[in-house]
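Architecture and fold: a report
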Amino acid sequence: MELTARAFWLRTPGHGEIREVALPAPAEGEVLVRTLCSGVSRGTETLVFRGGVPESQHASMRAPFQDGDFPAPVKYGYLSVGHVEEGPVSLRGRTVFCLYPHQTRYVVPASAVTVVPDSVPASRAVLAGTVETAVNALWDAAPLIGDRIAVVGGGMVGCSVAALLARFPGVRVQLVDADPARGDIARALGVDFALPEDAAGECDLVVHASATEAGLTRSLELLRPEGTVLELSWYGDRRVSLPLGEAFHSRRLVVRSSQVGSVSPARRDSRAYADRLALALELLAEPAFDALITGECGFEELPDVMAKLASGSIPGLCHRVVYDDV
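None of these values were measured; they are calculated from a predicted model. The residue count restarts for each chain, going from 1 along the sequence in the order it is written. Selection of residues for local features in this predicted model requires a pLDDT of at least 70, selection of side-chain atom pairs for listing and counting requires 80 or more, and totals for whole chains, interfaces and linings are taken over all residues. Excluding hydrogens and water, the side-chain figures rest on all heavy atoms present in the structure.

What follows deals with the overall build of the protein. Each helix is a run of H or I in the DSSP string that is no shorter than four residues. Each strand is a run of E no shorter than two, and both are numbered from the N terminus. Tallying secondary structure elements over the protein gives 9 helices and 17 strands in all. Radius of gyration here uses only the C-alpha atoms, and the compact-globule reference equals 2.2 Å multiplied by the residue count raised to the power 0.38. For the protein, whose C-alpha radius of gyration is 20 Å, the value lies close to the compact-globule estimate of 20 Å for 326 residues. Along the longest, intermediate and shortest principal axes, the C-alpha atoms of the protein span 70 × 40 × 35 Å. The cut-offs for exposure are 20% and 50% of the maximum accessible area for each residue type, with area from a 1.4 Å probe on protein chains only; residues under the lower value are buried, those over the upper are exposed, and the others partly exposed. Expressed as a percentage of the 326 residues in the protein, the buried residues total 50%.

Turning our eyes to something else, we now look at the sheet that holds strand β12 (residues 192–194). When DSSP locates at least two bridges between a pair of strands, those strands are taken to pair. The parallel open sheet is built from 6 strands, whose spatial order is β12-β11-β10-β13-β14-β15. Either end of the sheet is taken by a strand with one partner, and the two such strands are β12 and β15 (254–257). Taking the axes of each pair of neighbouring strands and ignoring which way they run, one obtains an average angle of 25° across the sheet. Relative to β12, strand β11 (residues 172–176) is paired through 3 bridges, and the arrangement is parallel. Its bridge partner being in β12, L175 is matched across the sheet by F193. Comment: axis = line fitted to C-alpha atoms, over the contacting stretch for helices; angle = value between 0 and 180 degrees taken between N-to-C directions.

Below, the discussion takes up the state of the cysteines. Pairs of cysteine sulfur atoms within 2.5 Å are what we label disulfides. Scanning all chains against the criterion turns up 0 disulfides. Note on C159: no disulfide assigned, nearest cysteine sulfur contributed by C318 at a separation of 11 Å.

Quick look at the pattern of salt bridges now. Each salt bridge in this description consists of a side-chain nitrogen of Lys or Arg and a carboxyl oxygen of Asp or Glu lying within 4 Å of one another. Applying the stated criterion across every chain yields a total of 17 salt bridges. The closest approach of N and O atoms between R34 and E85, which form a salt bridge, is 3.2 Å. Taken together, the residues R34 in strand β3 (residues 30–40) and E85 in strand β6 (residues 80–86) connect sequence positions 51 residues apart. Accessibility expressed as a relative area gives 14% for R34, which makes it buried. The salt bridge partner of D69 is R62, with a shortest N-O separation of 3.0 Å. By relative accessible area, R62 is classed as partly exposed at 37%.

Here it is, written out as structure tokens:
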């Protein structure tokens, strides 16, 4: 019997649809996964949905199991949790995370899935990709005991970074966002919150994740002399300007980028992506991360919901997509 599945595709910028797709029978070393839930990576996926990926970044922005090409038609996404129906005995029946788009079933190499620990519910495991990005960022940032740190931008990535920093001994960490509602999420994560104008300064490190020019400017203002801004935002096709005059040089400030998906070999040359993802899943045993999931819809609703997420009419952080048994 031919295997089929249903997948979410961006037909044209701003317009999504559900398509039926044929699946190959899993070969040796492959798994057939039935999706339980997936997560919308709000910043990146809404950028893709709007058709905002610059042509120069089409290759580097490809998701591991993307079909089609930017700007459209394209099948895009990378936060999927499912149940292994067929595959190696060691994986059969297990709940796994995979960097796969929104699709009801899929066949991938067994090496492409990571087992979700029993301590982590599938509904929370959709955050694994985002928490892995936060792990990656903190390996790049290398914060020290007692550092004064601000995280500017309370989106999925910023909140994940703040949640991990809350575990560092002696660190003063403050989540900074222009939306007062993010204060409730900060408290759930165990970190302080401030509006940009009220944020504590003299920071050793500022992690910037707001993807706004104003946020990056404020990040520089919050630094002590010789402090560092770690830039996590990705601006797509937008240009931003920075106040690199004024006291930027006299205070010897630093702006460093953190590349999603890789860490400087000088820092963690022996730790691969799989290690970071497994660590992220272990960290998700902490129930506080549930605060990052602020909405939910059924898979069949996704074309309409994605348009609302892209327009901002549905606010919040991670939007979880749930799948009926298929």
